[in-house]
Amino acid sequence: MFFTASLILMSALSAPASYKVSPALELVHRPQIKLSGPIAKQIHGVIENWLLPLPERNPAILGMFQDRDKKPLRNLLAWSGEFAGKYLTSGTEVYRLTHDLKLKETLQKFVDGMVARQDPDGYFGPFPKANHLTGWAPNTWGTGGETWDVWGHYHAIVGLLHWFEETGDRKALIMACKIGDLLCRFFADRTIASTGSPEMNQAIVHGFAMLYRKTGERRFLQGAEQVVDEFSSEGAGNYLQGALAGKEFYQMPNAGPRWESLHSIMGLAELYWETGKPEYRRAFEHLYWSIAKTDRHSNGGFSSGEQAHGDPYRPGAIETCCTIAWTAMGVAMLRMTGDSRVADELELSTLNQIVALHAPDGSWCTYNTPMDGVRVPSTEDIAFQIRPGSEGLNCCSVNAARGFGMISDWALMKKGDGLALNWYGPSTFVSHAGGVEVNLLEETRYPQEGHVVVHIEPAKPATFPLYVRIPHWSEQTTVTLNGRRVAAAPGAYLKLERTWKSGDKITLDLDMRPRFWVGQRECLGKASVYRGPILFALDAPGSVPSFSKEWETSGDLRVTKSAGAAMEYKFEGDFVRLHAQLFDDAGVAEVKIDGKPVDTVDLYGPERGKPFQWERKGLGPGRHTLVITASGKKQEVSKNVWINVGKIEPAPAPPRFSAEDFSQATFKSSGDGVGSWEVNDLSGNRLVLRDYGSAGRNRVPYITWFPVEHAPSAPFSQGKPSRTAHLSH
């Protein structure tokens with residue numbers, strides 16, 4: 001059915017749809033938040049050094065939509081169309097948190113540029129007219145290939161609706177509705193999956209549901225439910241029926257679903273509120289806890305090599321986009337359930353992984369922020385995404401700032417006629433409860449310390465409940481209200497209901513004793529160590545390979561085709577073993593040990609991905625250095641000269657600790673992070689562990705899994721999702 005322009009306009013001006021089921025916790029509308037301390041400084045750097053200059057430094061972010069039919073066609077990525085929407089979503093969320101006026105001005109100009117570049121029929125993608133929404137274009141990957149065109153439109157809808165919610169700019173709402181109307185028309189007689197890349201393109205289920213909530217137009221609801229029907233018959237994963245049958249997320253089709261599916265799954269949450277169908281809620285909650293159990297890592301990051309494997313210890317790349325999607329899913333789960341342990345998960349991801357994936361000054365983000373490894377700018381790690389006019393853009397760089405912005409979604413929330421306080425740290429919140437304006441002022445150095453004082457300042461005395469988060473890991477928590485002790489249970493909200501007046505004060509002393517997550521599988525015999533919500537890491541030069549800038553990440557491998565690109569690895573012992581894979585486009589690597597050429601390694605093989613090992617023995621005891629260099633040469637039959645590197649043995653032996661020694665460790669606060677722990681290892685060496693967010697700076701390798709004797713263990717449970725335990729004494 002063809003929708004006229006007037007109908008498109010009507011959809012943008014229609015009344016929003018009322019939820020049939022209200023979320024347990026709701027977002028505060030246009031919150032007033034002021035954060036202080038190191039995290040606020042880092043967020044300011046993200047604004048000044050990334051979000052504000054991005055459009056001018058990367059003009060192709062909008063230019064690709066303006067000249068999509070101009071010859072010669074731009075050489076694009078399958079997902080190039082996502083950059084604008086992701087940037088707008090990230091920028092709007094950060095604006096919601098900070099109310100930075102320069103950022104608002106920059107984003108308004110950007111939205112106006114998006115509106116001006118939308119086709120009259122609603123199309124807002126970068127591909128030629130003949131290839132709109134078809135799933136293929138002649139100018140992807142240089143010679144033609146798949147497109148994630150619907151995926152790009154989904155991100156545009158999300159960004160535009162966020163902007164409309166925050167600013168009331170109706171141009172953004174109308175543009176989003178025109179996109180939705182185009183997709184309704186185009187897919188009236190075909191499936192989303194028929195365009196290919198269903199794991200990405202089916203995310204539009206979430207966009208349709210968001211449009212229905214904003215406009216009340218039933219065709220958007222019908223479009224969303226049509227995509228849900230596709231889950232069970234074709235596409236990426238059976239996220240509804242499979243979840244209802246109890247399948248774990250990683251057991252979904254495609255031998256490990258990718259992170260993009262989380263956006264489709266968030267559509268189930270939105271549909272539950274809009275329709276009241278309980279199966280949507282059951283599936284969503286099951287998948288959330290499945291991911292927390294099987295694929296959320298110790299640092300709060302999600303996925304390994306961009307996929308779910310059912311293994312939180314797997315050492316594959318932990319992509320920034322994966323963690324951002326996991327955090328967004330966490331916000332939806334917190335709204336759905338009102339479960340404070342979900343807020344604990346959001347705190348874990350934010351204060352560890354999201355802080356760590358940004359440069360200290362906010363000027364760049366990582367692609368991979370591993371549990372053990374090295375952090376480098378995404379523009380180096382996934383340099384293949386660089387294109388003229390968008391040299392700084394890739395899937396992660398436009399998305400990362402959203403991690404900080406989402407603090408505004410969950411830090412302070414509405415619960416009925418009261419407020420739920422989730423965020424601890426030096427901050428001020430202004431909201432409304434009990435019919436009056438309420439100021440909450442947090443006086444604290446958390447997470448450096450566990451002492452938090454919350455001052456409640458209503459405009460006039462008012463009666464309402466205040467729900468205070470008690471983290472599940474804080475087993476020994478002391479809470480006082482105006483000096484009087486109040487009982488508090490871990491892993492729940494403490495409900496304090498009274499007539500609040502100026503001068504009221506809540507004091508929390510959270511349990512900051514060391515906690516341990518005892519590893520399994522790849523981390524067997526090791527443990528990760530926490531203090532409060534913070535994971536700690538040990539800077540360990542030489543513990544992992546160092547790569548020159550020409551190397552990129554591909555799943556669990558590092559790869560390059562640049563002649564002269566080198567990898568260096570220092571190790572102890574008599575032998576060294578390289579794990580790699582054979583490919584039909586692979587070339588030859590040159591190998592040196594201790595500066596002497598020892599071999600050449602040909603990584604060509606007609607069977608792509610076949611495991612390959614190379615080793616050298618008889619090196620003698622002591623410390624050695626392995627260097628692998630891309631030669632730029634290949635067999636005649638090979639299609640290219642790529643080389644790759646996986647795991648290398650032996651892994652250097654990390655220092656060993658005793659769990660009891662962490663109870664005697666000396667903690668020191670720092671001005672640019674959380675702080676450091678000084679602790680003796682079992683050899684008597686005094687070592688310094690740093691908070692995960694500030695560890696590994698200047699490309700220094702770090703580890704978060706190391707041997708800890710007598711560390712207490714705790715299995716995963718929804719009651720204790722961190723898997724951590726304190727010492728018994």
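The rules behind the values
- Residues numbered from 1 in each chain as written.
- Predicted model: local features only at pLDDT ≥ 70, side-chain atom pairs only at ≥ 80, totals over all residues.
- Heavy atoms only, no water.
- Helix = DSSP H or I, 4+ residues; strand = E, 2+ residues; numbered from the N terminus.
- Buried < 20%, exposed > 50% of the residue type's maximum accessible area, 1.4 Å probe, protein only.
- Contact = heavy atoms within 4.5 Å.
- Pairing = 2+ DSSP bridges.
- Axes fitted to C-alpha atoms, helices over the stretch in contact; angles between N-to-C directions.
- pLDDT = per-residue confidence, 0-100.
- Salt bridge = Lys/Arg side-chain N within 4 Å of Asp/Glu carboxyl O.
- 1 Å grid on protein atoms, 1.4 Å probe; cavity = no way out; pocket = protein on both sides within 12 Å on 5 of 7 lines; lining within 4 Å.
- Points joined across faces, edges and corners; volume = space filled by probe spheres on them.
- Nonpolar A, V, L, I, M, F, W, Y, C, P; charged D, E, K, R; others polar.
- Lys, Arg positive; Asp, Glu negative; His and termini not counted.
- Polar contact = N/O pair within 3.5 Å; in protein donor to acceptor, adjacent residues only side chain to side chain.
- Phe/Tyr/Trp six-rings, centres within 6.5 Å; stacked < 30°, edge-to-face > 60°.
- Lys NZ or Arg CZ within 6 Å of the ring centre and 35° of its normal.

Engineer: Residue-level account of the side chain of glutamate 345, with values.
Structural biologist: Tracing the chain through its elements places glutamate 345 in helix H16 (residues 340–356). Assessed through its relative accessible area of 3%, glutamate 345 is described here as buried. Non-local contacts of glutamate 345, meaning those with residues more than four positions away in its chain, are made with Tyr288, Arg296, Trp326 and Pro721.

Engineer: Outline the sheet that holds strand E6 (residues 418–421), listing residues and values.
Structural biologist: Within a beta sheet, neighbouring strands are joined by backbone hydrogen bonds and run either parallel or antiparallel to one another. One open sheet accounts for five strands, arranged E1-E5-E6-E10-E13; its pairing is mixed. Each edge of the sheet is formed by a strand with only one pairing partner; in this case those strands are strand E1 (26–27) and strand E13 (492–500). Where E1 meets strand E5 (residues 412–415), two bridges bridge the pair, whose relative direction is antiparallel. Residue leucine 27 lies in a different strand from E5, and its bridge partner there is methionine 413. Relative to strand E10 (residues 462–470), H16 is tilted by about 60°, and along the sheet it contacts E10 and E13.

Engineer: How would you explain the confidence of the model for the protein if you had to name every residue and give the values?
Structural biologist: Taken over all residues, the pLDDT of the protein has a mean of 94, while the share at 70 or more is 97%. Here residues 1–8 scores under 50 on pLDDT; set against residues more than four positions off or in separate chains, the count is 14 contacts.

Engineer: So what's going on with the pattern of salt bridges? Residues and values would help.
Structural biologist: Enumeration according to the criterion identifies 46 salt bridges in this entry. Note that glutamate 165 and arginine 213 form a salt bridge whose closest N and O atoms lie 3.6 Å from each other. One end of the pair, glutamate 165, is in helix H7 (residues 149–167); the other, arginine 213, is in helix H10 (residues 204–215), with 48 residues separating them in the sequence. The buried category is assigned to arginine 213, whose relative accessible area is 17%. Across the pair lysine 720 and glutamate 475 runs a salt bridge, and its minimum N-O distance is 2.9 Å. Note that lysine 720 is positioned in the loop between strand E34 (708–709) and strand E35 (725–726) and glutamate 475 in the loop between E10 and strand E11 (478–481), a separation of 245 residues in sequence. A relative accessible area of 22% means that lysine 720 is categorised as partly exposed. Because the salt bridges share partners, they merge into one network encompassing Glu165, Arg213, Lys214 and Glu270.

Engineer: Tell me about empty space enclosed by the protein, and name the residues and values.
Structural biologist: This structure, assessed with the given rule, holds three cavities of 30 Å³ or more. The space that makes up the largest cavity amounts to roughly 90 Å³. Every residue lining the largest cavity is listed: Asp344, Glu345, Glu347, Leu348, His472, Trp473, Arg515, Tyr530, Pro533, Ser722 and Thr724. The element contributing the most residues to the lining of the largest cavity is H16, with four residues. Residue composition of the lining of the largest cavity, by class: four nonpolar, three polar and four charged. Its boundaries defined by the atoms lining it, the second largest cavity holds a volume of some 40 Å³. Along its surface, the second largest cavity is lined by Lys86, Thr89, Tyr154, His155, Val158, His263, Asn399 and Arg402. When residues of the lining of the second largest cavity are traced back to their parent elements, those giving at least two are helix H5 (82–98) and H7. In terms of residue count, the dominant contributor to the lining of the second largest cavity is H7 (three residues). Of the residues belonging to the lining of the second largest cavity, the class tally is two nonpolar, four polar and two charged.

Engineer: How would you sum up the sheet that holds strand E12 (residues 484–486)? Please name residues and give values.
Structural biologist: Strand order in the open sheet formed by seven strands is E2-E7-E8-E9-E14-E11-E12, and the pairing between neighbours is antiparallel. With partners counted over all chains shown, the strands left at the sheet margins are strand E2 (32–35) and E12, one partner each. Mean inter-strand twist for the sheet, computed between neighbouring axes without regard to direction, equals 20°. As judged from the seven bridges shared by strand E8 (residues 436–444) and strand E9 (residues 451–458), these two strands associate in the antiparallel manner. In the strand pairing of E9, glutamate 442 is matched with valine 454.

Engineer: A description of the side chain of arginine 515 should follow, citing residues and the corresponding values.
Structural biologist: Residue placement: arginine 515 occurs in strand E15 (residues 514–518). Notably, arginine 515 is buried but unbridged: the nearest opposite-charge side chain belongs to glutamate 347, and the N-O separation is 7.2 Å. Engagement of the side chain of arginine 515 in a polar contact is seen with the side chain of threonine 724, the distance being 2.7 Å.

Engineer: So, the packing of aromatic side chains: which residues are in play, and what are the values?
Structural biologist: In this structure the tally under the stated criterion is 34 aromatic pairs. Ring geometry for tryptophan 148 against tryptophan 151: centres 6.4 Å apart, planes inclined by 85°, an arrangement best described as edge-to-face. Each of the two residues, tryptophan 148 as well as tryptophan 151, counts as buried. Measuring from centroid to centroid gives 5.8 Å for tryptophan 517 and tryptophan 705, while their planes differ by 75°, and the two rings are edge-to-face. Taken together, the positions of tryptophan 517 in strand E15 and tryptophan 705 in the loop between strand E33 (702–703) and E34 put the pair 188 residues apart, joining distant regions of the chain. Across the pair, tryptophan 705 and tryptophan 517 agree in class, each one buried. The positively charged end of arginine 375 is found above the aromatic ring belonging to tyrosine 692, 4.5 Å away from the centroid. In this arrangement the basic side chain of arginine 498 is found over the ring face of tryptophan 500, its NZ or CZ atom lying 5.4 Å from the centre.

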